[in-house]
Amino acid sequence: MKVILYVVHGSQLPEKNLRLSDLIGEITQATQDITALQEIAYLERQTDTLEVVAERLIKQGATELIVMPVLLFPALHTLVDIPAELAFLADKYPHIVTKILKNFGDEADIFDILVDKIKAISSEEVILLAHGTRHFSEPAEMLVTIAEKHRKKQVKRFEQSII
């Protein structure tokens, strides 16, 4: 049985986790035709970790885990943490197929959403800022690409930075 496992960062603030859970619930309702079994796993600050939720899904009959990182850019969590946390599956459950999907930060719709939000800002200058790591170049490269697309559309004057 195919299942979808949404992997999120997690927050110290329970209300933020609740809003995220509500959003994933709406996505689950809209994607029932793919599979009815869909759950959230948290990378930090929650007891429903990736390993805990994956084991629970396997006990419910999962044979294929589709892992959707609900993270903007590919960096430490997507490129290292998620694959490392799922590595236990290969040894413990060799019959389980696991597929990790791409992050969604380079999707065209994300760009359009950013354009709409930036157009709503009254200032003529905008700073795009992303939390990232120096160990992976992808977030910085994607941030530069987003800023360049905005510059070409002449939406606002842009500066970008990774912190």
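Refer to the structure printed above.
Our subject in this report is the structure included herewith. (Residues numbered from 1 in each chain as written. Predicted model: local features only at pLDDT ≥ 70, side-chain atom pairs only at ≥ 80, totals over all residues. Heavy atoms only, no water.)

## Let's talk about the sheet that holds strand E2 (residues 38-42)
If you walk across this open sheet you meet the four strands as E2-E1-E3-E4, and the pairing is parallel. In the strand order of this sheet, the two ends are held by E2 and strand E4 (97-100), each with one partner. Across this sheet, the average inter-strand angle for adjacent strands is 25°, counted without regard to direction. Direction of pairing for strand E1 (residues 2-8) relative to strand E3 (residues 64-69): parallel, over a ladder of six bridges. By the bridge assignment for E3, Lys2 is matched with Glu64. Running over the sheet, helix H2 (residues 50-59) touches E1, E2 and E3 and is turned about 155° from E2. (Pairing = 2+ DSSP bridges. Helix = DSSP H or I, 4+ residues; strand = E, 2+ residues; numbered from the N terminus. Axes fitted to C-alpha atoms, helices over the stretch in contact; angles between N-to-C directions. Contact = heavy atoms within 4.5 Å.)

## A closer look at helix H3 (residues 76-92)
Between its first and last C-alpha atoms H3 spans 24 Å; for 17 residues at 1.5 Å apiece the expected length is 24 Å, and the two agree. At Ala84, H3 shows its largest bend, some 35°. Taken together, the buried positions of H3 are occupied by His77, Thr78, Ile82, Leu86, Phe88 and Leu89. Turning to H3, the residues buried within the fold contact E1, H2, E3 and E4. (Expected span 1.5 Å × (residues − 1). Bend = angle between axes of the 7 residues up to and from the residue. Buried < 20%, exposed > 50% of the residue type's maximum accessible area, 1.4 Å probe, protein only.)

## Brief notes about helix H1 (residues 14-30)
Three or four residues apart is the spacing at which side chains of an α-helix point the same way, because the helix has 3.6 residues per turn. Taking 1.5 Å per residue, 17 residues should reach 24 Å; H1 reaches 24 Å between its end C-alpha atoms and fits that length. Within H1, burial applies to Asn17, Ile24 and Thr28. When H1 is viewed along its axis, its buried side chains cluster within an angular range of 50° and face the same direction. Exposed residues lying more than 90 degrees from the buried face of H1 are Leu18, Arg19, Glu26, Gln29 and Ala30. Tucked into the core, H1 has its buried residues touching E1 and E2. (Arc of directions from axis to C-beta.)

## Quick word on the nonpolar core
Note on soluble globular proteins: their nonpolar side chains tend to be buried together. Residues Leu5, Val7, Leu50, Leu57, Leu65, Ile82 and Leu89 are the most contacted members of the largest nonpolar core, which totals 21 residues. Contributing elements (two or more residues each) for this core: E1, H2, E3 and H3. (Core = buried A, V, L, I, M, F, W, Y, C linked by side-chain atoms within 4.5 Å.)

Shape descriptors only; they carry no functional weight alone.
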